[in-house]
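Reading the structure
This is what each chain is made of:
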Amino acid sequence: MRPTTAPLTMFGPDFPFPYDDWLHHPAGLGAVPEERHGTPVAVVGGGIAGLVAAYELMRLGLRPVLYEAGKLGGRMRAVPFEADPTHVAEMGAMRFPVSATTLFHYIDLLGLKTRPFPNPLSPHTPSTLVHLGGERHFARTVEDLPAVYQEVAAAWEKTLREGAELAVMEDAVRRRDAALLKAVWNRMVRTLDDQSFHGFLAASPYFRSFRHREIFGQVGFGSGGWDTDFPNSVLEVLRVVFTGADQDHVSIVGGTGGLIEGLWTLAADQAVHWPAGTSLAGLHDGRPRPAVTALRRVADGVAVEDARGVLETYPAVVFTPHVWTLLNRIDCDPELLTAPQWTAVERTHYMGASKLFVLTDRPFWLDRDPRTGRDLMSMTLTDRMPRGVYLFDDGPDRPGVICLSYTWNDDSLKVATLSDDQRLERLLAELHRIYPEVDIRKHISGPPVSVTWETEPLFMGAFKANLPGQYRYQRRLFTQFVQRGAGDGPSGLFLAGDDVSWTAGFAEGAVTTALNAVWGVVDSLGGASHPSNPGPGDVFDEIAPVLLPEE
C-alpha cells in the first residue's frame, strides 16, 4: 500500500487502472503472435492519442498506418508567430497538471523540459489582477484579495469536504486504493449524475449567496473561473478536483510541437520485429496518409477509404478524432458501433473555446509602474470580454507572448464571427479600460493569431463535457475498447481520444484511452498482456465503471 504522502495522480475514479505503472513495467504492454508481426493497423487521427497508439503498436511489432486530415498534433497546435517563428502560440493544450503521470511518461521519454504555467495566484505567477464589476484588485495570493474572495475560497473547500468527501477521495487516489475509490465514487455517481455543477453549488449551505456563486464562477481558484462549467455534470468537475488536475500546471518549453514531433520521429525503444531506429515517420516515408472518408466493416476487418480514394482493409482500426466526425465527416458503417453506442456519439456535448495571442517586443508587463510600484500588467481575470489574460516570457531581452483572451462557450461565441484584427481591436479596447495607463498596442509585433474550436471543421468544439444525466453515454464510449463477447464478435474499430475518456480536455485522458485501444487491438489479434503486467481489459471486470440502470 502506498503511503498517504504519495502525490495526487489522475488515477480513476471511474476506472482506477494504473496506466503509468503498466507503461513502466519491464514486461511491457504485451505481445502478439509472431505470425502477426508486421500486420498493418490503421490509426485515424494524428493528435496525441493517435501518436501514442501508433507508437506503442509499433513497439509491439505491428505496423501502424496513420491517417491525418490536417496537421499532426490535433488540439496540440503550436502556431509560430509570423514576426518570430521561434515563439509559438498554443492554440489548444497549453498547461498540463503534474498529476498527469501517464502523459509525463512520454514527455520524460523525449527529454522535454517543462516550466510552471502562470495560472492566477500561482506561486510562479508574478502577480494577478482580478477585475470584477469595474473594480481592480491586485494580488499574489488569495489572502491579498478582499475578504469576500477568501470567503468564496473557503466555501469551495468546505463544499468539497462536506459535500463530496474530498479528504477520503484524495487519500484513496494517493494510496491507489481502488476498492475504496470505487466504493465512494460509485455512490456519488448514483446520487449526482443528474446534478449540474451549479445545482451542486446552490445546494451547498456555503454557497447560498448568489454573490458568492457569481464570484466563484468568474474567478474560481486554481486555473480560473468555473462558470462555463456550471451547466455541466458536477461529476465532470469532481473528477478534475479529486485527481489534482486543476492545480500545479506546467507548460512544455518550446511548445507542444516538441511532444508531437518527438513521438513522430522517436526511434522505438526495444521494439519487436522492427530494426533498430525504426520510427513512425520512417514507416510513413515522412508523412501520414490523408483524411479518412469512409469506414466499412468487411469479412476480414475494417475497410478504410482515404481522401485519395485509396481503399485498404485492416484487421483493426484505432479511431481518435472527435466522435462527431463519424456523423458528418466520415461515411461510417452503422455496424461498426452498437445502436446504444451510436446514441452516445450523437449525444456527445462539446465545450467551445477561443484564444487570441500576440507577440510582443519584450515582456513589458514586468516593468514597474512608477506610481504604484507594481508590475505594469498582471495575469488578469475579468468579467469582461477577455475573461483570462496570460503572460509568457523567456527573459527580459527576448520577445514576450500574451494570450489576450482565453474564453469558453458563450464568451467564445461572442468573437466567433470576428476576424483576427477585429478581435484584437475589441480586446485592446476592453483591456484599456482595465489598464488605462498601459499602451499594449505599441509593443505588439506582427499580426495576432486566434482559434475558435467550435468553428474548426475537424473539431466542432474544444472537448467533450458531459451534461447532467449523460454518465451512461460516457460509459458506453469508454468501455467500447473491451470487445470480447460483444454481439456477433469484435467490430475491429476501437475508439480512443479524450472524447471517450473520463477526463476530457486533458491530454492524460487522450493518452490513457489510446492505451486502452492498444490493449484492444492486441487482444483482437490473438495477443495478450504479460501475466505479471495485466492490461486495462484484463482487469476490466474488477474495476469497471459502475453500470447504472436504464429502466
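First, a word on what this report is: a plain description of the structure on this page. (Residues numbered from 1 in each chain as written. Predicted model: local features only at pLDDT ≥ 70, side-chain atom pairs only at ≥ 80, totals over all residues. Heavy atoms only, no water.)

Here's the deal with the sheet that holds strand β16 (residues 353–360)
- On the basis of which strands lie adjacent, the open sheet formed by seven strands has the order β8-β7-β17-β18-β19-β16-β20 and mixed pairing. Edge positions in the sheet fall to β8 (135–139) and β20 (444–452), since each has one partner strand and no second. Ignoring which end each strand starts from, the neighbouring axes of this sheet average 15° apart.
- Bridge analysis of β16 against strand β19 (residues 400–408) gives eight bridges, and the strand direction is antiparallel. Directly across from F357, in β19, lies its bridge partner C403. (Pairing = 2+ DSSP bridges. Helix = DSSP H or I, 4+ residues; strand = E, 2+ residues; numbered from the N terminus. Axes fitted to C-alpha atoms, helices over the stretch in contact; angles between N-to-C directions.)

As for the environment of G257
- Along the polypeptide, G257 turns up in helix α10 (residues 257–265).
- On the accessibility criterion, G257 (35% relative accessible area) is partly exposed.
- Each C-alpha atom, one on G257 and one on R387, is 26 Å from the other, the two residues being 130 residues apart in sequence.
- Among all residues touching G257, those that are not within four sequence positions of it are A78 and G262. (Buried < 20%, exposed > 50% of the residue type's maximum accessible area, 1.4 Å probe, protein only. Contact = heavy atoms within 4.5 Å.)

A closer look at the packing of helix α6 (residues 178–192) against helix α9 (residues 234–242)
- At their nearest, the axes of α6 and α9 sit 10 Å apart, and the two run at 155° to each other. Relative to α9, α6 is oriented roughly antiparallel. Crossing of α6 over α9 shows right-handed handedness. For the pair formed by α6 and α9, the contact residues are W185, M188, V189 and L192 on the first element and V234, L235, L238, R239 and F242 on the second.
- Along the lines of polarity and charge, the residues of the contact of α6 with α9 split into eight nonpolar, no polar and one charged. (Parallel < 35°, antiparallel > 145°, perpendicular 65-115°, else oblique. Left-handed = near helix turned anticlockwise from the far one by under 90°. Nonpolar A, V, L, I, M, F, W, Y, C, P; charged D, E, K, R; others polar.)

Remarks on the environment of A544
- With respect to the element layout, A544 can be found in the segment after α18 (540–543).
- Sequence separation between A544 and R475 is 69 residues, and the spatial gap between their C-alpha atoms is 9.3 Å.
- Discounting chain neighbours no more than four positions away, the residues touching A544 are D14, F15, K182 and R475.

Points about helix α13 (residues 339–347)
- Within the sequence span of α13, burial applies to Q341, W342, A344 and V345. Viewed end-on, α13 has its buried residues packed into an arc of 155°, placing them on one side of the element. (Arc of directions from axis to C-beta.)

A closer look at the packing of aromatic side chains
- In total, this model carries 27 aromatic pairs according to the counting rule given.
- Each ring, one from F364 and one from W365, has its centre 5.4 Å from the other, and the planes form 70°; the classification is edge-to-face. For the pair formed by F364 and W365, the shared burial category is buried.
- Here the aromatic rings of Y471 and W502 are separated by 5.2 Å at their centres, their planes lie at 25°, and the arrangement is stacked. You can see Y471 sitting in helix α16 (residues 471–478) and its partner W502 sitting in the loop between β22 (493–495) and α17 (507–524), a full 31 residues away along the chain. Of the two residues, Y471 and W502, both sit in the buried class.
- By way of ring pairs, the aromatic residues F15, F17, Y19, W22, Y471, F478, F481, W502, W519 and F540 are connected into one cluster.
- Positioned above the aromatic ring of Y406 is the side chain of K355, whose terminal nitrogen or guanidinium carbon lies 4.6 Å from the ring centre.
- Positioned above the aromatic ring of F138, the side-chain terminus of R374 is 3.8 Å from the ring centre. (Phe/Tyr/Trp six-rings, centres within 6.5 Å; stacked < 30°, edge-to-face > 60°. Lys NZ or Arg CZ within 6 Å of the ring centre and 35° of its normal.)

Here's the deal with the layout of surface pockets
- Here the second largest pocket is characterised by a volume of approximately 760 Å³.
- Lining the second largest pocket are 28 residues, with F221, G222, D246, Q247 and D248 sitting closest to its centre.
- Mapped by element, the contributors of at least two residues to the lining of the second largest pocket are α4 (147–163), α5 (166–175) and β9 (249–252).
- For the lining of the second largest pocket, the element with the highest residue contribution is α4, accounting for four residues.
- Class assignment for the residues of the lining of the second largest pocket results in 15 nonpolar, nine polar and four charged. (1 Å grid on protein atoms, 1.4 Å probe; cavity = no way out; pocket = protein on both sides within 12 Å on 5 of 7 lines; lining within 4 Å. Points joined across faces, edges and corners; volume = space filled by probe spheres on them.)

Description of the side chain of S233
- Within the secondary structure, S233 sits in the loop between α8 (210–218) and α9.
- Those residues within four positions of S233 in sequence are excluded, and the remaining contacts are L192, D193, Q195, S196, F197, N466, L467 and P468.

Description of empty space enclosed by the protein
- Counted according to the given criterion, the structure contains six cavities of 30 Å³ or more.
- Roughly 170 Å³ of internal volume is contained in the largest cavity.
- It is α17 that provides the largest number of residues to the lining of the largest cavity, a total of three residues.
- A per-class count over the lining of the largest cavity returns six nonpolar, six polar and two charged.

What about the environment of G45?
- Examined against the element boundaries, G45 turns out to sit in the loop between β1 (40–44) and α2 (48–59).
- Assessed through its relative accessible area of 8%, G45 is described here as buried.
- With 273 residues separating them along the chain, G45 and V318 place their C-alpha atoms 8.7 Å apart.
- The residues touching G45, leaving out its near neighbours within four places in the chain, are G50, L66, Y67, E68, T320 and P321.

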